[in-house]
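What follows is the residue order along each chain.
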Amino acid sequence: MNYLSHIETELLAGKKVLVRLDLNVPSLDDTDRITKSLPTINFLKDAGAKVIIISHIGRDPKESLAEVAKFMDIPLVKEFDPAILESHQVIMLENLRQNPGEESNDESFAKTLASYADIYVNDAFAVSHRAHASVVSIPKFLPSYAGLQLEQEIKHLSQAFHPESPSILVLGGAKFETKLPVIEKFLPIVDHILIGGALVNNFYKEMGYEVGSSLIDESANITNVVGNPKIIIPHMVLVENERGREEKSIDAVELGDKIVDVLASGLEQYANEFKAARFILWNGPMGNYENGFTEGSKKIVDLIMTSDSTSIVGGGDSVALIEELNLQDKFTFLSTGGGAMLEYLANGTLPGIEALNTIEE
Ligand code: ADP
Ligand code: MG
């Protein structure tokens, strides 16, 4: 892997650098992704490079990066124009997805983008699981580097493949199809896997418990992993039903109940495991946090804080929850990747990482 941080900075002076960032911020009230892109931009500026920023934004390809560019005080250009780059050190191109070639991974679109620059930098970990033109095809045409944030992601997340022991993986949330491969991959690697969120409902059901109207992923096949002694299943849950909210042991859940959170009282018995842990990786809220069910997740934070472990959290909702509770500084590292993080963990790499020139260091 070629890391930008390892480059001789003299080599960058006067060079044009095409930088793929993830500036897909939900709104300008949440500019975390912008903030995390600044070290790479500043590194390149300080080295005297010319910077051409590329990114996508939003789901609708018609959306514009105009507000983001304005917020960052960087000129946004609809069409690349070398003259504009002459008079500015940093420019931004319009939403990549306005060109259908981005998502269809059109090689001629990638080639056109590559023709604007001498060097390519990928600092967009959160989209590096996508085989899009700006992620996997530009590196075919330019010397390519991993940016500073991407480097941090790789350095921190790759620790999970050989974690300091004892190690715990905490998995919650809802998207089972993205999490099951992670469970399967990490069962042989970590000491414990604690399951919460809607994921645990599938386990309850498979174990023969009533789950009422709880959220279940009907398509998930977990027969291979249920019953594995490394898997920790919390047994106290919060349910909603026609009477309101009730705390219940899992064996007391009835047809009219909907499980919305795991209870702190059912997690406390794992305090020793957490206290002893040297490495903890967490993805996925323990409960339906958008509706205020944050008890289980808060308890996980408390348990993590009792340990001396390296602690890593990732996932779109998980990080949103941590930020909502203002607990960012309790963790060693917060990943910018949601789907990308899970795919990286499941496969050990991503298409966008593979696409960078993989000359061994
Ligand atoms: P992440 O984005 O962190 O990877 P997911 O997208 O997999 O996490 O899951 C987050 C979603 O899971 C949230 O919308 C949350 O409300 C939901 N969730 C967690 N536990 C429950 C539950 N018991 N019932 C319903 N939804 C839940
Ligand atoms: Mg999510």
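Provided above is the structure to which this section pertains.
Residues numbered from 1 in each chain as written. Chains lettered and ligands numbered in written order. Predicted model: local features only at pLDDT ≥ 70, side-chain atom pairs only at ≥ 80, totals over all residues. Heavy atoms only, no water.

A. The arrangement of the pattern of salt bridges in detail. Tallied over the full model, the rule gives 16 salt bridges. With a closest N to O distance of 2.8 Å, Glu164 and Arg278 form a salt bridge. Of this pair, Glu164 sits in the loop between α6 (148-157) and β7 (167-171) while Arg278 is found in the loop between α10 (271-276) and β13 (279-283), placing the two residues 114 residues apart along the sequence. Among the residues examined, Glu164 registers a relative accessible area of 44% and is labelled partly exposed. Lys205 is paired through a salt bridge with Glu218; the nearest N and O atoms lie 3.7 Å apart. Of the two residues, Lys205 sits in helix α8 (residues 199-206) while Glu218 sits in the loop between α8 and β9 (231-232), which places them 13 residues apart along the sequence. Classification of Glu218 as exposed rests on a relative accessible area of 66%. Overlapping salt bridges, with partners in common, bring together Arg243, Glu246, Lys248, Glu254 and Asp257 in one network. (Salt bridge = Lys/Arg side-chain N within 4 Å of Asp/Glu carboxyl O. Helix = DSSP H or I, 4+ residues; strand = E, 2+ residues; numbered from the N terminus. Buried < 20%, exposed > 50% of the residue type's maximum accessible area, 1.4 Å probe, protein only.)

B. Representation of the site of ligand 1 within the structure. Around ligand 1, the structure places 20 residues, and the nearest of them are Lys179, Asn288, Glu290, Asp317 and Ser318. In the environment of ligand 1, a nitrogen atom lies 3.1 Å from a nitrogen or oxygen atom belonging to the backbone of Ala198. Glu290 is positioned with one of its side-chain polar atoms (N or O) 2.4 Å from an oxygen atom of ligand 1. Notes on ligand 1: free accessible area 580 Å², of which the protein chains cover 90%. Only β12 (258-262) and α12 (316-324) provide two or more residues apiece to the shell around ligand 1. Here the shell around ligand 1 gets 3 residues from one element, more than from any other, and that element is α12. Tallied by class, residues from the shell around ligand 1 come to 7 nonpolar, 9 polar and 4 charged. (Near = heavy atom within 4 Å. Polar contact = N/O pair within 3.5 Å; in protein donor to acceptor, adjacent residues only side chain to side chain. Areas by Shrake-Rupley, 256 points an atom, 1.4 Å probe, with all protein chains shown as cover. Nonpolar A, V, L, I, M, F, W, Y, C, P; charged D, E, K, R; others polar.)

C. How the structure looks around the packing of aromatic side chains. Under the defined criterion, the tally for this structure stands at 7 aromatic pairs. Centroid distance Phe80 to Tyr116: 4.1 Å. Interplanar angle 20 degrees. Geometry classified as stacked. Here the residue Phe80 occupies a position in the loop between β3 (76-77) and α3 (82-87), and Tyr116 occupies one in the loop between α4 (107-114) and β5 (119-123), the gap between them amounting to 36 residues. With respect to class, Phe80 is no different from Tyr116; both count as buried. Summarising the aromatic geometry, the rings of Phe161 and Phe186 are spaced 6.0 Å apart at their centres and angled 15 degrees between planes, so their arrangement reads as stacked. With Phe161 in the loop between α6 and β7 and Phe186 in helix α7 (residues 176-186), the pair connects residues that are 25 residues apart, well separated along the chain. Aromatic rings pair up to connect Phe125, Phe161, Phe186 and Tyr344 into one cluster. The ring of Tyr3 has Lys155 sitting right over it, with the charged end atom 5.1 Å from the ring centre. (Phe/Tyr/Trp six-rings, centres within 6.5 Å; stacked < 30°, edge-to-face > 60°. Lys NZ or Arg CZ within 6 Å of the ring centre and 35° of its normal.)

D. Quick look at empty space enclosed by the protein. Tallying each qualifying case throughout the model produces 1 cavity of 30 Å³ or more. Reported here for the largest cavity is a volume of approximately 80 Å³. Taken together, Asp22, Arg33, Lys36, Ser37, Asp123, Ala124, Phe125, Ala126, Gln149 and Thr336 form the lining of the largest cavity. Considering each element in turn, the lining of the largest cavity owes the most residues, 3 residues, to helix α1 (residues 32-46). Residue composition of the lining of the largest cavity, grouped by class: 3 nonpolar, 3 polar and 4 charged. (1 Å grid on protein atoms, 1.4 Å probe; cavity = no way out; pocket = protein on both sides within 12 Å on 5 of 7 lines; lining within 4 Å. Points joined across faces, edges and corners; volume = space filled by probe spheres on them.)

E. View of the layout of surface pockets. In this structure, the second largest pocket occupies an estimated 270 Å³ of space. The wall of the second largest pocket is formed by 14 residues, among which Lys78, Glu79, Glu94, Asn99 and Phe109 lie closest to the centre.

F. Summary view of the packing of α7 against helix α13 (residues 339-347). At a minimum axis separation of 8 Å, α7 and α13 run at an interaxial angle of 30 degrees. By the angle between their axes, α7 is roughly parallel relative to α13. α7 and α13 meet at a crossing whose hand is left-handed. Where α7 approaches α13, its residues Thr178, Lys179, Pro181, Val182, Lys185 and Phe186 are matched on the opposing element by Leu342, Leu345, Ala346 and Asn347. Taken together, the residues of the contact of α7 with α13 sort by class into 6 nonpolar, 2 polar and 2 charged. (Axes fitted to C-alpha atoms, helices over the stretch in contact; angles between N-to-C directions. Parallel < 35°, antiparallel > 145°, perpendicular 65-115°, else oblique. Left-handed = near helix turned anticlockwise from the far one by under 90°. Contact = heavy atoms within 4.5 Å.)

G. Seen up close, the pairing of strand β4 (residues 90-93). Here β4 shows a buried face lined by Val90 and Met92 and a second buried face lined by Ile91 and Leu93. Bridge analysis of β3 against β4 gives 2 bridges, and the strand direction is parallel. Each residue of the ladder has a partner; that of Val77, found in β4, is Leu93. (Pairing = 2+ DSSP bridges.)

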